[in-house]
Amino acid sequence: MTTAPEGHQVVYKLYKARYFGLFSIVLLNIATGFVWLSYSSVPDAARVYLNADDFLVSLTSILYFIAYIIMAPVSGWMFEKHGIKKALIFGASIQIVGAWLRYFAKFIDSTPDNNTGRLVLTMVGQIIAAGAQPFFLNLPPKFAAVWFSENGRTTATMIGSVSNALAAALAQLIIPIVTDNNVPSTMSNTTLFTAILAVVALIPALFVADRPPTPPSPSAAEALQETAEEPFKTSLKKTTSNKQFLLLMVIFGSLVGIFNTVTSLIATFAKPYGYTVNEAGYFGAAMVVAGLIGAGISGPVIDKTKQYKTLCKIGVPLATAFLVALIFVVRVDCFAGIMAVMVFIGVSAFAVLPAALELAVEITYPVTPASSASILWAFGQLVAVIMLFVCTALQNDALSVEKGLNPPLIFLAVWAAVFGAVPIMLITSPYKRLEAEAAKRKRDEADGLTAVGGVNGDKFEYVEEKQSANVV
């Protein structure tokens, strides 16, 4: 607890360096998104360049989900043991190693009869680079908790988290320009471009600070006063024994899995009805762009209202309803209908993203935010792997055309209803972090301290770094 002589002020300061740190996280997420989708964005060129079949090209994406599951606990441990800066630099470094290994694979000759050397080095580089993703995607809730006030945490979490989806949209637009699908040898242009991007993304991380000199909020104040955060194993045990968190994990994981599956297989779902790969790309882009807008709106709204549960209980059922609608609009000559439904899926699902990540922190407080984020995202990747294999097995072009049925889409809609729309109504946990911060202010007032800083509507206002010190 912060102490000061009676009648003095406790100042919760905001530092402009928080924006630089957030920028670094966004840039690293964009870089990892380009590396992730290097091959699947131009599948025809990738098949010829690697002399590989469709499954091996798809495997370059699936490896990201598998590596995430493996490395998520490692990233959480590094955040708590070595701090934000060292964890970011480590993740950026292994991404650089993996990205350059993929580029060096171009110097190994590859033919249909002898494709092993280039293919193996490419896959090794891909899985090494994939191991970096959780270091960037798991960090936003923790970074927001340490550097931002109650009035900015959700927006900061939103910006950091959706930057990965932004990368997916940018990659699908830019990589086909860098690599000509009709000239497979230009595939090396993409691997070189992404390797350079990985190096550039590391540079800002070298200057990111682990924590601000003074706290931006009461909960951050208590965390910053600790000489060392609790062991990651302890945090993991606390989160996995929290029933409300496990319920949220299933819901969040289902949404992430469905999003990854739809973006990966939308071309497969639409192909029986005569839609081209380019048209399928428009469907995916519509969902991502609309989702970014939805998240951009929901973040500031939640920062102001703090209604995490309410937004989730509205957004998850809406996303489920639009997934059901998608079953009926994926038809011949229904391009506009598919685009419209994909927009609504994106808006409703992405709007939930920052609210769910912050709700996880509230449910598990005082467990460090990196632990809850690591588990949520890792479970989402696990669900994505399961869904990708199930939907691929269920895909039946003849059944889709003759009977008007699309088994993979039906499977996804049923999953969303059973593991999303229904269990979200069972989330009843109080907002533990917000309650702890309110109690902290009352204790300060009882001790004769005047707190400068607070939620909109309070008598307090946050102080920017140019003003006074923590206790004045």
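Residues numbered from 1 in each chain as written. Predicted model: local features only at pLDDT ≥ 70, side-chain atom pairs only at ≥ 80, totals over all residues. Heavy atoms only, no water.

In the nomenclature of an unreviewed UniProt entry, the chain corresponds to Major facilitator superfamily (MFS) profile domain-containing protein from the organism Linnemannia schmuckeri. Here is the UniProt Subcellular location (unreviewed entry) comment for the chain, exactly as written: "Membrane". (UniProt positions renumbered as here; feature names shortened; annotations may be inferred.)

S.K.: Which residues make up a nonpolar patch on the surface, and what values do they have?
M.R.: Together, F20, F23, I203, L206 and F207 make up an exposed nonpolar region whose accessible area comes to about 500 Å². Within the fold, F20 resides in helix 1 (residues 17-36). By relative accessible area, F20 is classed as partly exposed at 35%. (Patch = residues over 30% accessible without salt bridge, like charges linked within 9 Å, V, L, I, M, F, W, Y side chains within 5 Å. Areas by Shrake-Rupley, 256 points an atom, 1.4 Å probe, with all protein chains shown as cover. Salt bridge = Lys/Arg side-chain N within 4 Å of Asp/Glu carboxyl O. Helix = DSSP H or I, 4+ residues; strand = E, 2+ residues; numbered from the N terminus. Buried < 20%, exposed > 50% of the residue type's maximum accessible area, 1.4 Å probe, protein only.)

S.K.: Quick one: what's the story with the packing of helix 3 (residues 54-104) against helix 4 (residues 116-130), residue by residue and with numbers?
M.R.: Relative to each other, helix 3 and helix 4 sit at 30 degrees, their axes nearing to 6 Å. As the angle between them shows, helix 3 and helix 4 are arranged roughly parallel. Considering only residue class, the contact of helix 3 with helix 4 consists of 18 nonpolar, six polar and one charged. (Axes fitted to C-alpha atoms, helices over the stretch in contact; angles between N-to-C directions. Parallel < 35°, antiparallel > 145°, perpendicular 65-115°, else oblique. Nonpolar A, V, L, I, M, F, W, Y, C, P; charged D, E, K, R; others polar.)

S.K.: Outline the packing of aromatic side chains, supporting the account with residue identities and numerical values.
M.R.: By the definition in use, this model includes 19 aromatic pairs. Note on F252 and W377: the rings are 5.1 Å apart at their centroids and 85 degrees apart in plane angle, and the pair reads as edge-to-face. Of this pair, F252 sits in helix 11 (residues 243-270) while W377 sits in helix 15 (residues 369-394); the two residues are 125 residues apart in sequence, bridging distant segments of the chain. Overall, F252 belongs to the buried group, its relative accessible area being 4%. (Phe/Tyr/Trp six-rings, centres within 6.5 Å; stacked < 30°, edge-to-face > 60°.)

S.K.: I'd like a rundown of the nonpolar core, residues and numbers included.
M.R.: Grouped together as the largest cluster of nonpolar side chains are 135 residues, with contacts concentrated most on L88, L326, M342 and W377. If one sorts the elements of this core by residue count, helix 3 sits on top with 19 residues. For W377, the residues in contact, after removing those within four places along its chain, are Y68, L137, N138, S161, F252, V256, L353 and L357. (Core = buried A, V, L, I, M, F, W, Y, C linked by side-chain atoms within 4.5 Å. Contact = heavy atoms within 4.5 Å.)

S.K.: A description of empty space enclosed by the protein should follow, citing residues and the corresponding values.
M.R.: Under the criterion given, the structure shown has two cavities of 30 Å³ or more. Taken as a whole, the largest cavity spans an internal volume of roughly 300 Å³. In this structure, the largest cavity is lined by 21 residues; those nearest its centre are V256, F259, N260, L353 and W377. Reported here for the second largest cavity is a volume of approximately 60 Å³. Around the second largest cavity, the lining residues are L255, I258, F259, M287, A319, L323, I345 and A349. (1 Å grid on protein atoms, 1.4 Å probe; cavity = no way out; pocket = protein on both sides within 12 Å on 5 of 7 lines; lining within 4 Å. Points joined across faces, edges and corners; volume = space filled by probe spheres on them.)

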